[in-house]
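# Analysis of the macromolecular model
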Amino acid sequence: MTTRRPLVAGNWKMNGLKASVPEFRRIVEGYDAALRARTDLMVCPPATLLAGFAAAEPGSPVGLAGQDCHPAASGAHTGDISAEMLADAGAGAVIVGHSERRADHGESDELVRAKAEAARRAGLLAIICVGETREVREAGRALDVVRGQLAGSVPDGADGENTVIAYEPVWAIGTGLTPTIDEIAEMHGAMRAHLKERFGGQADRIRLLYGGSVKPENAGEILAAADVDGALVGGASLEATSFLSIARAYL
Ligand SMILES: O=C(CO)COP(=O)(O)O
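Per an unreviewed UniProt entry, the protein chain is named Triosephosphate isomerase, and its organism is Ancylobacter mangrovi. The Sequence similarities (unreviewed entry) field of the UniProt record for the protein chain holds the comment "Belongs to the triosephosphate isomerase family." Turning to the protein chain, the UniProt annotation filed under Subunit (unreviewed entry) states: "Homodimer."

### Here we look at the state of the cysteines
Applying the stated rule across the entire model yields 0 disulfides. C69 takes part in no disulfide bond, and the closest cysteine sulfur, belonging to C129, lies 12 Å away. Take C69: its relative accessible area is 0%, and that puts it in the buried class. With no disulfide partner, C129 has as its closest neighbouring cysteine sulfur the one in C44, 9.0 Å distant. Assessed through its relative accessible area of 2%, C129 is described here as buried.

### With respect to the packing of helix 8 (residues 142–153) against helix 9 (residues 181–199)
Contact pair helix 8 / helix 9: the axes reach a minimum separation of 10 Å and the direction vectors enclose 40°. In terms of orientation, helix 8 and helix 9 fall into the oblique class. For the pair helix 8 and helix 9, the sense of crossing is right-handed. For the pair helix 8 and helix 9, contact is made by A142, L143, V146, R147, L150 and A151 and by E186, M187, A190, M191, H194 and R198, respectively. Tallied by class, the residues present in the contact of helix 8 with helix 9 amount to 8 nonpolar, 1 polar and 3 charged.

### Some details on the side chain of S213
Tracing the chain through its elements places S213 in the loop between strand 7 (207–211) and helix 10 (216–223). A relative accessible area of 9% places S213 in the buried class. For S213, the side chain forms a polar contact with the main-chain oxygen of A172, separated by 2.6 Å. Not counting chain neighbours up to four residues away, the residues in contact with S213 comprise A172, G174, T175, G176, L177, T178 and N218.

### Considerations on the UniProt feature "binding site: substrate" (unreviewed entry) in the protein chain
The UniProt feature table records "binding site: substrate" (unreviewed entry) at N11, W12, K13, G174, S213, G234 and G235. Across 225 residues of sequence, these annotated residues stay compact in space, with a maximum C-alpha separation of 13.9 Å. By the element assignment, G174 lies in the loop between strand 6 (163–167) and helix 9. The exposure class of G174 is exposed, given its relative accessible area of 78%. Summarising the element assignment, G234 is placed in the loop between strand 8 (230–233) and helix 11 (240–247). If near-sequence neighbours (up to four positions away) are discounted, G234 is found in contact with N11 and K13.

Quick notes on the rules
Residues numbered from 1 in each chain as written. Predicted model: local features only at pLDDT ≥ 70, side-chain atom pairs only at ≥ 80, totals over all residues. Heavy atoms only, no water. UniProt positions renumbered as here; feature names shortened; annotations may be inferred. Disulfide = S-S within 2.5 Å. Buried < 20%, exposed > 50% of the residue type's maximum accessible area, 1.4 Å probe, protein only. Axes fitted to C-alpha atoms, helices over the stretch in contact; angles between N-to-C directions. Helix = DSSP H or I, 4+ residues; strand = E, 2+ residues; numbered from the N terminus. Parallel < 35°, antiparallel > 145°, perpendicular 65-115°, else oblique. Left-handed = near helix turned anticlockwise from the far one by under 90°. Contact = heavy atoms within 4.5 Å. Nonpolar A, V, L, I, M, F, W, Y, C, P; charged D, E, K, R; others polar. Polar contact = N/O pair within 3.5 Å; in protein donor to acceptor, adjacent residues only side chain to side chain.

Following this line, the structure appears as structure tokens:
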């Protein structure tokens, strides 16, 4: 049986200023030997803070990630940031296809796939997000829609080294609502089965994170669910205390 090392990643979204460096330091300090033995930990701050966080804690075992990247390495794309630039700033990973980007910027599966390919080109781990809306879940189409997003967004050649998938039901993000543990396990099982059809045994090495209202109070139950290999945490990752206490569910 394949053992997948868990990953707890904090997506800070559009939050954080230079004054957040001490909070990042508290996360690094709290990532003690016991936690390091059990789980990877990663912070995804706004791009403006990546280099500052990297400089504040050189060689830190807490990974850094961007929240988006452009498919191209450089060029005339005002306001965009490439995967190569994120890597240069100290990131080892990048989130692509978050539902807020799919909604706010009309990102398609095809574009998300191109971004995931750009991440690989730059040597970054791609954290590819998928997840259904409330309407889709109520219509009983969540599994089909997420399978479709995976088919469209995950590039050929995805493996456990270059790809993490985050299942984030849109209706659970920032709402305090979560699917039941059975629903999470059902979705993660379906995602694993879908990836196996396409990538064979390699699918057993791809980590599947759950995201959407993960808090210290529900982390233990969610992270113990079948085929859940970690969490992508939003609001609760902004404070070291709550973020670390979610990761401590692995102790
Ligand atoms: O979107 C999320 C992480 O990417 C989840 O956000 P919340 O944890 O705030 O619900």
